[in-house]
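Here are the chains, one letter per residue:
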Amino acid sequence: MGREVSESCLESLLTEIVSSYCNGFYANKPELAARRIEAIGFQVGHQLSERYTIDRQRFTDHLEAIKFICKDFWSELFKKQIDNLKTNHRGTFVLQDNRFRWLAHVSVDPSLDASGSIQDPSAMAENKASQATGMHLYFPCGIIRGALSNLGIPCAVSADISNLPACSFVVRIKA
Amino acid sequence: MIVCVAVVGHQNNPLYIQSFTEADDALKLHHIVHCSLDVVDERVNNPKKSGPTLNETFLGLLYPTENYKVYGYLTNTKVKFIMVTTDLDVRDADVRNFFRRFHAAYVDAVSNPFHVPGKKITSRTFAERVSTIVKSFGLNAAG
Amino acid sequence: MEEYPEELRTPPVALACLVGCPDFHALITGHLHSQQPPINTIALPDFSKISVISKAAKENPATGLGKPVGGILKRDWLSKHRTRVPAVVAALFTSDHVSGNPAQWLQVCTDLENLKATIQGRNIKLLVVVVTQSSSKDDTSEDRMISLRKRAELDSKNLIIFVPDDPLELKQSLNRLGTACAELANTYYRDEGRRVKARLERKNFGSIELNIRYCFKVAVYAEFRRDWLEALKMYEEAYHALREVVGISTRLPPIQCLVEIKRIAEQLHFKMSTLLLHGGKVVEAITWFRRHINYYRRLNGAPEVIFLHWEWLSRQHLVFAQLLETCSATVQNVPTTVTVPADKLTEWELYPPYYYQLSAHYLKEKNSCLEFAISMSEDVGGIYGSVESVVASVYIGQFARLLEHEGTYTMQALTDDEYARYTLAEGKRFQDSFEIIALLKRSFEAYNNLKASRMASYCGVQMAREYFVMAEFSNAKQIFENIASLYRQEGWLTLLWEVLGYLRECSRGISSVKDFIEYSLEMAAMPITSNAVAPYFRDCGPAGPASLSQREKIHKEAFGVVTGESGTALSENNGLKVNGDCPLYLEIDLVSPLRVVLLASVAFHEQIVKPGARTMITISLQSQLPLNVEIDQLEVQFNQSECNFIITSDRKPHLAAISHVHPGRRVETAPTLELLTNKWLRLTYDVKPDQSGKLECIYVIARIGPNFTICCRAESPASMNDLPLWKFEDITETIPTKDPGLAFSGQKAIQVEESEPQVDLKLGPSGPALVGECFILPVTVASKGHAIHSGELKINLVDTKGGGLLSPREVEPFLADNLHVELVGISGQECADHSEANFDNIQKIQPSFGLISVPFLNVGDSWSCKLKIKWNRPKPIMVYVSLGYHPHSSESSSQKVHVHKSLQIEGKTAVTISHNYMLPFRRDSLLLSNFKANRDSDHTPTLPFNETSILIISVKNCSEVPLMLLSMSLEVEGDNSCTIQPQEEEFREPVLHVPEVVFRKVFAVIPKGNCSTLKMGTVSLKWQRDSGVGEDFHSCPTTSQVTKHRLSDVNVELPPLVVSLKCPPHAIVGNPFTYSVTIQNQTELLQEIKYSLDDSPSFVSSGPHNDMTFVLPKSEHVLSYMLVPLGLGSQQLPKVTVTSVRYNAGFQPSTTSSTVFIFPSKPRFQVSDVGETRPESITE
């Protein structure tokens, strides 16, 4: 029986991390903020993968490791598996979650977002909103990258939001 | 009796190495642990020979040397656990059990948010826990 | 393995004995030896020598039963059976003797009887060979032969006739002999084996020792028979029986008893291993070896002779390794066939180096125990006297004293004490260090071949330790150095510490100061922070246990040496001197392990800087040495040496080290140059680069004391590697500069810009260039800020679409015609004015590249030249012009400055010429080919023969500038088969031709020749740019161009019919006029013509409307109509259709030619206006 964490706490924490990095520490350097958030995710993924592979045989190939991420790892994190996994068989994998938990409570309302950032009235509201959502995805991207790196698969992970609660993560394995 | 345990990182660098012996052969044990990495490499790179133990984390007896037996364990994250014992008759199940507990202790240690991945494990809690596991290995074997 | 006797090491070979007829012995011996399996022979020349094989006086086993057995195996038993006890005796008699006189026969019989008597007791088999000549083969008495066989009690097959003088028969005889020998030998060994085995089965042995002996014998006999399985089984039985003896035998004193048992066990095991390995059963052999070692490992024996145990263990491993090595050479692919059994044979156990290594280990163990034992026995003293006459006894593994009593020798058993002394004395005689090294070396090499570098390293460490003990420092150092790199790379601190400790001492041993300091500093900077010395870390090399205090001690010692104040360590460091005569210079590069000692990170604060401007640079130094280090002077070196500078400490401003300063070098001071452990020393200064290009910091050189220098390669913070060893430590990392941005992206190199060019390079205005003309592009160089020295202008023409200026289809690239665009020439200003000032002007012209030197220009001067570019095809190009020059007169020192300009120029075709043919007004010829041509798409125009046709040449101005047309002419090619006349005068003055306008000129063509195709010739148009606008640079008189246009060929045909309409040019309403159609038949044939006239609402007509007529050859027929116009303006005449029945071709006049203008009343024209308006009326 694993210990559990309150989901709302975690979501609030994530939101707070994103907002403090984006609006606080690195207010005008979004790339730096993204890098820091991703790095936090990386360490989390790195450590979680250590724990969740504890009773498993070693993976023989990349696909096996990716499947582990899709099934067991995702279940541990989000109580559900990845809904769809695609690959081009040349080192690129697309992991699609039709209802990504950490985006479940995110909505893109331009007016709301604009009112939230009165300090920066020049910013285009819509652009800013999708950017803010994107910021929330650096953390899970980092988690995936950290987990795979720890399993000996160096890779780059990016996220893509098509329509909001759905989210796909693109994993590109470095040769 | 377990005389030495070690955690070795994926660059074959020691993350934790501790000997439990009164004799002055700690250095030699370090050498033995280091040498055992060759067997781990060999077993992972040419897996045919290991037959049924393919991809199992437990690698079994790595090699016997003058007074010791060296056992190995390789995690999915390419971290190696090495154990050196002086016991001649060791039950496989005991060793497996030992490594399982050792692995769990390791996972707890590296899950510490203040631990930097890939660096040596300096946690005292971990050291104490490993020491307990090592001691209980003897007891289990007896009982 | 070499120390085993021959008979043990090799498989047993059956032995036969030859008696009599010595001439043939060599032959027979050779043959038997080459048999498969071979048979060894003892050759006795005559029968008197047979006592050699006779049985020695041996006590009956029955009588000896009560007597205790002296030992397990007799030393000489095996060799006896290999060399002295034959299985078969072959008695050779000549046929002369056999069938000779009675005396001879009697001799034969006697010899045979003697022989039989000799061999009887030992069951040796007998073979009788009668040697006979082939000629006298049949002479041999049959009776004698039978009698001989009966006397010898032989089967007939064991009586062999041997015929030596016929090759074929000899071969057969030898074969017979060989077969018989082999069979008999086999029988002998089987019988012997059975005999002994029977005793075993009957338990007919008095002691367990005999049991072992009998088992051994059965096994050996089985081996003689090559029954390996049986042999193996019996050896195993013997081995197990031997196990039972351990601890219960009291026959000998305990030490010697154990020694004997181990010796026998060794021999038995050796036999088993050999049999198993040669049978390819590697895994079984290894398993057996494991069991063997496990059985006896604990049987250490008495502590005073424990070294014997280690020696024995070492030998077991060595022998097994050698066996494994020899058999794996013969039995291929051993490991792959092996499936690892349940008891888990591990990888290395399949390979010899594993055993070599253990052998070396036990040998080392033996050495240390022996040394201890010897030192203990020193006190007792006098070991020599008592061991002098000790020899090996008759039993394997036993020793006895040989006592001489009045010429006879007797063996006397030894006490354990005596034995121990004997072994000590023996042990003292041998030095095993070299042997240990040899074993380790084999292991080291074999492991390296197996790519087991860590195993090999461990062997290497042990080997080097031995060298070190023997004070062979350079050998030791070499090995240690190789190993150290592996340990460094993988971060095994304890192992590295040990190796470095040895290396340090080795360097001291060979008095290499540099190495000593390097290793000392590396050790001192190792990431060992614990100060608690673990009690079990005692044996860890000469450097002592790894600890912080030890690091500090080493640090102090090293700095004591380099500063020359060796103080306490003076006595040890005799050979290590650093002083003015031998200063010490260390270099630390990016991969050096000494980066932990001094790391220099250098970052410029900017990425790019203007020449002569100041920029900031931060030099950050870090050291992991345990104690603080005071640097006396720092020198920072750049690739531009003028920027180098020196930093001295405020605290010691007037140190001797300052003497290193080059005169004129900049000297800075810093408040302190003390390096603290793991703390960055950050120093920020400014530099002023003068030269453009890259400015890179290369070295940071630290001087400590007058004679010690560390030269450290500068590193960029952005691309700095992790510190070796420390990267695995869990320590907080610090950044080299305070500014984190600089720490992540700072570079040790900076780009210095070129000095700003202060020169104007102007390219003239560009209109479009016209194909064919020599386009002139003026280039002006004007100096504004500084003078231009040795300027050079480079011109490049490049196709804007990329690719060359040549058409790809054209093969000869340097023919001018093939160049679409070419640079024809460059004319400088001075070039035209004074040619003698122009000698040094480099001019290089290639079709697309030009180079011209620019003369010296003072500030404010300007210079210009003109580029002549010629277009052969329309094509847009880029002209790149770049000026390179020195702003100062001294070329070498100053940097070249470059100015670039480019311009796109469109090359266009100036004029396009086209032409078309027309027939004369209201006169049409029936051209039969036109009908055909309409059906095909062949469009060669056809002209009627001997009729006037009109040629219209149209010239269109495609350029964007007005042109002047100077002349146009038509050059007719070939014969004068047609006349072409311009319908107008030649231009009297140039015609202005503005863009997009078409100019036409009309020619009348009358084909005269009788050929069907007519070459029309070429139109030449001479034109030039219109100079009236005033752009004077175009006004070169030579710029008039000729554009040519070739007229296509035409067909000429005699028209059979010519129809011409005739009517007045205009008419007046209501006034009738005549409209006639003339049909001219030009053929020799009667032509039937149909014609019709359509009604027209505008006219009232009279005349034949619709009829048919015949036109006679070469005559004409006129249709006449009278028309009265009704409407006004331009009116269509009633349409006349003429159809030739013969050619089935109709004719209808075109609409334009059948219109007439109807005036309401008679108009009046002023004739004088007509001439002036004429040109306008032609152009549209």
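Computed from a prediction, not measured in an experiment: that's the story for all the values here.

A.B. asks: Where do I start with the overall build of chain B in this structure?
C.D. replies: Within chain B, the regular secondary structure consists of three helices and five strands. Beginning at the N terminus, the succession of helices and strands in chain B can be written as β-β-α-β-β-β-α-α. Counting every position in chain B, which comprises 143 residues, the buried fraction comes to 48%. Look at the contacts in chain B between residues 6 or more apart in sequence, and 54% of them connect residues 24 or more apart.

A.B. asks: What is the right way to look at helix α19 (residues 453-469) of chain C in this model?
C.D. replies: In this model, α19 of chain C (17 residues) spans 24 Å end to end at C-alpha, consistent with the 24 Å of a helix rising 1.5 Å per residue. Two residues or fewer after α19 of chain C comes Ala-471 of chain C, characterised by a positive phi angle close to 65°.

A.B. asks: Got a minute to help me understand the environment of Ile-735 of chain C in this structure?
C.D. replies: Residue and element names in this part refer to chain C. By the secondary structure assignment, Ile-735 is in the loop between β20 (708-713) and α24 (740-745). Assessed through the 16 C-beta atoms surrounding it within 10 Å, Ile-735 is described here as partly exposed. Spatially, the C-alpha atom of Ile-735 lies 7.9 Å from that of Trp-680, the residues being 55 residues apart in sequence. Ignoring sequence-local partners within four residues, the contact set of Ile-735 consists of Pro-740 and Ala-743.

A.B. asks: So what exactly am I meant to see when it comes to the nonpolar core here?
C.D. replies: As a rule of thumb, nonpolar side chains are buried together in soluble globular proteins. If you look at the biggest cluster of nonpolar residues, it comprises 267 residues, and the most contacted ones within it are Ala-16, Val-88 and Cys-181 of chain C. Counting residues per element, this core draws most heavily on helix α11 (residues 254-278) of chain C, at 13 residues.

A.B. asks: Please explain the packing of helix α1 (residues 7-25) of chain A against helix α2 (residues 30-52) of chain A as it appears in this structure.
C.D. replies: Angle between the axes and distance between the axes: these two values describe a pair of packed helices. All names here are of chain A. The contact between α1 and α2 brings their axes to 9 Å, and the two run at 150°. Classed by the angle they form, the pair α1 and α2 counts as roughly antiparallel. The interaxial crossing formed by α1 with α2 has right-handed handedness. Contact residues: α1 offers Ile-17, Val-18, Tyr-21, Cys-22 and Phe-25, while α2 offers Pro-30, Ala-33, Arg-36, Ile-37 and Ile-40.

A.B. asks: Mind showing me how you'd approach the UniProt feature "domain: Trafficking protein particle complex subunit 11 C-terminal" (unreviewed entry) in chain C here?
C.D. replies: As annotated by UniProt and renumbered to match this structure, "domain: Trafficking protein particle complex subunit 11 C-terminal" (unreviewed entry) occupies residues 1080-1138 of chain C. When the span residues 1080-1138 of chain C is considered, its composition is 0% helix and 61% strand, and the gap between its end C-alpha atoms is 12 Å.

A.B. asks: Got a minute to help me understand the environment of Arg-315 of chain C in this structure?
C.D. replies: Residue and element names in this part refer to chain C. Along the chain, Arg-315 turns up in helix α13 (residues 306-330). Under the C-beta neighbour-count criterion, Arg-315 is labelled buried, with 20 such atoms within 10 Å. Along the sequence, Arg-315 and Tyr-362 sit 47 residues apart, while their C-alpha atoms lie 8.6 Å from each other.

A.B. asks: What should I look at first to understand the domain arrangement of chain C in this one?
C.D. replies: One widely used convention gives an interface's size as the accessible area the parts lose upon coming together. Looking at chain C, the domain boundaries give domain 1 (1-205), domain 2 (473-582), domain 3 (588-752), domain 4 (759-908), domain 5 (911-1030 + 1038-1053) and domain 6 (1057-1159). Its C-alpha centre places domain 1 of chain C at a distance of 94 Å from the equivalent point of domain 3 of chain C.

A.B. asks: Sorry if this is basic, but what is going on with the sheet that holds strand β34 (residues 942-944) of chain C here?
C.D. replies: The strands making up a sheet associate through hydrogen bonds between their backbones, and the pairing can be parallel or antiparallel. Residue and element names in this part refer to chain C. Read across the sheet, three strands follow the order β34-β43-β40 without closing on themselves; strand pairing throughout is mixed. Two strands bound the open sheet, and with one partner strand each, they are β34 and β40 (1013-1014). Pairing of β34 with strand β43 (residues 1050-1053), which is carried by three bridges, proceeds in the parallel orientation. By the bridge assignment, Thr-942 is partnered in β43 with Asn-1051.

A.B. asks: Honestly, the interface of chain A and chain B in this entry has me stumped. Any pointers?
C.D. replies: Across the contact, 16 residues belong to chain A and 14 residues belong to chain B. Looking at the side of chain A that touches chain B, the element that brings in the most residues is α2 of chain A, giving six residues. Looking at the side of chain A that touches chain B residue by residue, the class counts come to three nonpolar, nine polar and four charged.

A.B. asks: When you look at the pairing of strand β21 (residues 749-752) of chain C in this model, what are you seeing that I'm missing?
C.D. replies: Two faces, one strand: in a regular strand the side chains alternate between the faces of the sheet. Residues and elements named next belong to chain C. Residues of β21 alternate between two faces, with Ile-750 and Val-752 buried on one and Ala-749 and Gln-751 left unburied on the opposite face. In this sheet, β21 lies alongside strand β11 (residues 608-609) in parallel orientation, the contact comprising two bridges. Within the sheet, the bridge partner assigned to Ile-608 lies in β21 and is Gln-751. The sheet contact formed by strand β19 (residues 693-704) and β21 spans four bridges and is antiparallel. Bridged to Glu-696 within β21 is Ala-749.

A.B. asks: Please explain the pairing of strand β7 (residues 399-405) of chain C as it appears in this structure.
C.D. replies: All names here are of chain C. With three bridges joining them, strand β6 (residues 390-392) and β7 adopt antiparallel strand pairing. Counted as the bridge partner of Val-391 is Ala-400 from β7. Between β6 and β7, which pair antiparallel in sequence order, lie six residues; one of them, Gly-397, sits at a positive phi of approximately 80°. With six bridges joining them, β7 and strand β8 (residues 408-413) adopt antiparallel strand pairing. From the neighbouring strand, Glu-404 faces β8, where its bridge partner is Tyr-409. Here β7 folds back onto β8 in antiparallel fashion, the turn holding two residues, of which Glu-406 has a positive phi close to 50°.

Cut-off values and rules
- Residues numbered from 1 in each chain as written.
- Chains lettered and ligands numbered in written order.
- Predicted model: local features only at pLDDT ≥ 70, side-chain atom pairs only at ≥ 80, totals over all residues.
- Helix = DSSP H or I, 4+ residues; strand = E, 2+ residues; numbered from the N terminus.
- Buried ≥ 20, exposed ≤ 12 C-beta atoms within 10 Å, placed from the backbone.
- Contact = placed C-beta atoms within 7 Å.
- Expected span 1.5 Å × (residues − 1).
- Core = buried A, V, L, I, M, F, W, Y, C linked by C-beta atoms within 7 Å.
- Axes fitted to C-alpha atoms, helices over the stretch in contact; angles between N-to-C directions.
- Parallel < 35°, antiparallel > 145°, perpendicular 65-115°, else oblique.
- Left-handed = near helix turned anticlockwise from the far one by under 90°.
- UniProt positions renumbered as here; feature names shortened; annotations may be inferred.
- Domains from an automatic or database assignment.
- Pairing = 2+ DSSP bridges.
- Nonpolar A, V, L, I, M, F, W, Y, C, P; charged D, E, K, R; others polar.

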